[in-house]
Amino acid sequence: MDYMYAPGKNHLFVPGPVHIPDQVIRAMNRNNEDYRSPAVPALTKTLLEDIKKIFKTTSGTPFLIPTTGTGAWESALTNTLSPGDRIISFLIGQFSLLWIDQQQRLNFNVDVVESDWGEGAKLDVLASKLAADTAHTIKAICIVHNETATGVTNNLSKVRKLLDEYRHPALFLVDGVSSICAIDFRMDEWGIDVALTGSQKALSLPTGMGIVCASPKALEASKTAKSVRVFFDWKDYIKFYNLGTFWPYTPSIQLLYGLRAALDLIFEEGLENVIERHRRLGKATRLAVEAWGLKNCTQKEEWFSDTVTAVIVPSHINSSEIVRRAWQRYNLSLGLGLNKVAGKVFRIGHLGHLNELQLLGCLAGVEMILKDVGYPVKLGSGVAAASAYLQNNIPMIPSRI
Ligand SMILES: Cc1ncc(COP(=O)(O)O)c(C=O)c1O
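Residues numbered from 1 in each chain as written. Predicted model: local features only at pLDDT ≥ 70, side-chain atom pairs only at ≥ 80, totals over all residues. Heavy atoms only, no water.

Undergrad: How do you make sense of the site of the ligand when you look at a structure like this?
TA: Around the ligand sit Thr68, Gly69, Thr70, Trp73, Phe95, Val144, Asn146, Thr148, Asp175, Val177, Gln200 and Lys201, and those are all the residues in its vicinity. Thr68 places a polar side-chain atom, nitrogen or oxygen, 2.6 Å from an oxygen atom of the ligand. One of the side-chain nitrogen or oxygen atoms of Asp175 is found 2.6 Å away from a nitrogen atom of the ligand. Protein contacts shield 86% of the accessible area of the ligand, which totals 390 Å² for the unbound molecule. A per-element tally of the shell around the ligand places helix H3 (residues 69-80) first, with 3 residues. (Near = heavy atom within 4 Å. Polar contact = N/O pair within 3.5 Å; in protein donor to acceptor, adjacent residues only side chain to side chain. Areas by Shrake-Rupley, 256 points an atom, 1.4 Å probe, with all protein chains shown as cover. Helix = DSSP H or I, 4+ residues; strand = E, 2+ residues; numbered from the N terminus.)

Undergrad: I keep staring at the UniProt feature "binding site: substrate" (unreviewed entry) in the protein and nothing clicks. Help me out?
TA: Under the local residue numbering, the UniProt record ascribes the feature "binding site: substrate" (unreviewed entry) to Arg347. Within the element layout of this structure, Arg347 appears in strand E14 (residues 345-349). Judged by relative accessible area, Arg347 falls into the buried class, the value being 6%. Those residues within four positions of Arg347 in sequence are excluded, and the remaining contacts are Phe13, Pro15, Phe95, Thr148, Ala149, Val308, Thr309, Ala310, Leu334, Gly335, Leu336 and Leu338. (UniProt positions renumbered as here; feature names shortened; annotations may be inferred. Buried < 20%, exposed > 50% of the residue type's maximum accessible area, 1.4 Å probe, protein only. Contact = heavy atoms within 4.5 Å.)

Undergrad: For this particular structure, what's the right way to read the pairing of strand E10 (residues 209-214)?
TA: Within E10, 6 of the 6 residues are buried, which leaves the element mostly enclosed by the surrounding structure. Note that strand E2 (residues 61-66) and E10 share 6 bridges and pair antiparallel. Residue pairing in the sheet places Pro62 in a bridge with Cys213 of E10. (Pairing = 2+ DSSP bridges.)

Undergrad: What is the right way to read H3 from this model?
TA: An α-helical turn contains 3.6 residues, so any two residues separated by three or four positions project in the same direction. In this model H3 runs 17 Å from its N-terminal to its C-terminal C-alpha over 12 residues, within 8% of the 16 Å that 1.5 Å per residue would give. The element H3 is extensively covered by neighbouring structure, given that 10 of its 12 residues are classed as buried. Where H3 is concerned, the buried positions are Gly69, Gly71, Ala72, Trp73, Ser75, Ala76, Leu77, Thr78, Asn79 and Thr80. (Expected span 1.5 Å × (residues − 1).)

Undergrad: How do you make sense of the domain arrangement of the protein when you look at a structure like this?
TA: How big an interface is tends to be reported as the loss of accessible area on association of its parts. Segmentation of the protein into domains returns domain 1 (11-18 + 271-394) and domain 2 (22-267). Here the C-alpha centroids of domain 1 and domain 2 sit 28 Å apart. In terms of surface lost to domain 2, no three residues of domain 1 exceed Leu271, Trp303 and Lys340, which account for 24% of the buried area on that side. Across the domain 1-domain 2 interface, the total number found is 2 salt bridges. (Domains from an automatic or database assignment. Buried area = accessible area lost by both parts, 1.4 Å probe. Salt bridge = Lys/Arg side-chain N within 4 Å of Asp/Glu carboxyl O.)

Undergrad: Would you mind going over the nonpolar core with me for this structure?
TA: Proteins that are soluble and globular tend to have nonpolar side chains buried together. Residues Phe55 and Ile141 are the most contacted members of the largest nonpolar core, which totals 94 residues. At 9 residues, helix H9 (residues 253-269) tops the list of elements feeding residues into this core. Not counting residues up to four positions away in its chain, the partners in contact with Phe55 are Ile180, Phe185, Arg186, Met187, Ala195, Leu196, Thr197, Ile211 and Cys213. The next biggest cluster of nonpolar side chains, apart from the first, holds 32 residues, and it includes Leu281, Val311, Tyr330 and Leu370. (Core = buried A, V, L, I, M, F, W, Y, C linked by side-chain atoms within 4.5 Å.)

Undergrad: Looking at this model, I keep getting lost on the packing of aromatic side chains. Mind explaining?
TA: The geometry of an aromatic ring pair comes down to the distance between the two centres and the angle between the two planes. Summed over all chains, the structure comprises 12 aromatic pairs. The interplanar angle of 85° and the centroid separation of 6.4 Å between the aromatic rings of Phe55 and Phe185 together place this pair among those described as edge-to-face. Of this pair, Phe55 sits in helix H2 (residues 39-55) while Phe185 sits in the loop between strand E8 (171-175) and strand E9 (194-198), and the two are 130 residues apart along the sequence. Comparing Phe55 with Phe185, the two get one shared label, buried. On the basis of an interplanar angle of 55° and a centroid distance of 5.8 Å, the ring pair of Tyr241 and Phe246 is categorised as tilted. As far as burial versus exposure is concerned, Tyr241 and Phe246 are alike and both buried. (Phe/Tyr/Trp six-rings, centres within 6.5 Å; stacked < 30°, edge-to-face > 60°.)

Undergrad: I'm lost on the UniProt feature "modified residue: N6-(pyridoxal phosphate)lysine" (unreviewed entry) in the protein in this one. Help?
TA: UniProt records the feature "modified residue: N6-(pyridoxal phosphate)lysine" (unreviewed entry) for Lys201 in the present numbering. Along the chain, the position of Lys201 falls in the loop between E9 and E10. Of the polar contacts made by the side chain of Lys201, one reaches the backbone oxygen of Pro15; its length is 2.9 Å.

Undergrad: Any chance you could explain the environment of Ser399 here in plain terms?
TA: One can find Ser399 in the segment after helix H13 (381-393). Sequence separation between Ser399 and Glu33 is 366 residues, and the spatial gap between their C-alpha atoms is 34 Å.

Undergrad: Where do I start with helix H10 (residues 271-291) in this structure?
TA: Between the first and last C-alpha of H10 there are 30 Å, a value that for 21 residues agrees with the 30 Å anticipated at 1.5 Å per step. Gly293 lies just past H10 and shows a positive phi near 80°.

Undergrad: Help me understand the pattern of salt bridges, please; the structure alone is not making it clear to me.
TA: Oppositely charged side chains are able to pair whenever their charged atoms sit close together. Under the counting rule described, the total for this entry stands at 26 salt bridges. For Asp233, the salt bridge is made with Lys235, and the minimal N-O distance between the two is 3.8 Å. Between Asp372 and Arg329 there is a salt bridge, and its shortest N-O distance comes to 3.0 Å. With Asp372 in helix H12 (residues 356-372) and Arg329 in helix H11 (residues 319-330), this pair connects stretches of sequence that are 43 residues apart. Taking relative accessible area as the criterion, Arg329 reaches 53% and is therefore assigned exposed. Within the structure, one salt-bridge network assembled from shared partners comprises Lys56, Asp184, Arg186, Glu189 and Glu272.

Here's what the structure looks like:
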């Protein structure tokens, strides 16, 4: 039964969790199975191989962990680092802040490089810290690829270039929770040591699986890292990988079949087409925001995010009221402003299994709500700007040509 039922589909435009494709829901609608039967290891083998394609790695080792993005963070940190290790971490919004809080609570020596919310990571500060660190006291660089609270995407290839330029051996740990499988992400090419995501974001699955990928260098580091870890210990996974049974503890059978279906859909569309589709969704949203005469929280084009747009509202309007009305009146779910930007921005999530016409529905809804709260928007202005761009840029659906 539905609590607070509303007719039609909920327009779910929070930046995760996102709508689950019908094909995935059908694939998950099944009974439990014995995970020690030959069928589950055979399925798992295909998942581990195929998830590497999403991370663009051939040398990485993936772990599918019953957890969320937060647990994936902990897995990345505790397997590779020791208490007291110096790490550089960029604070640019609520999720990087939460990761830093976890790093501090795990007793790492966190060198926080802070930016104004809406700006990207200060890579010039990273350059000077790397240059000064000839003794290699910095053990890891931690960066959130796409800060979901502000809609800021950092340039990871620049981080790699700096590490190479200063011949610095620090591990490169990346939160790709709201980027992987939606925004260009290249684990091997960018020399990322640990990359991670969560199932409820661009993979369009239910929440509950943290996906972590470790480079050979990260696996080597895990042999000497002294942080306490039990549930998240990669060693336990690797032991069962070597046995060919794969699971140190009970996996969610339904999520595994769901992941299989989700990956099949992504490969059918083509990963590059998925990324292109997100480019279009991001661009169309930004054009609408501009047409409404509102500002994007993201301060520079180089940081524009293709998975989430945080829209700044005029100071006399509380953005939480926009989010409340969207849900109450239009069955539209938008993202709240978080922490420093609470009440100041609302967020439109445009990631996962989502097409352009669905986005236009959301943009039409936002226009009506803006009018409801007294902002003088011309109805249709954002939709017109977005659809003019989309009409010129949406390709034919390959399977229907
Ligand atoms: C960039 C980023 N990192 C980490 C997290 C935390 O993930 P979870 O809520 O699945 O623990 C989120 C959640 O939205 C996120 O957006």
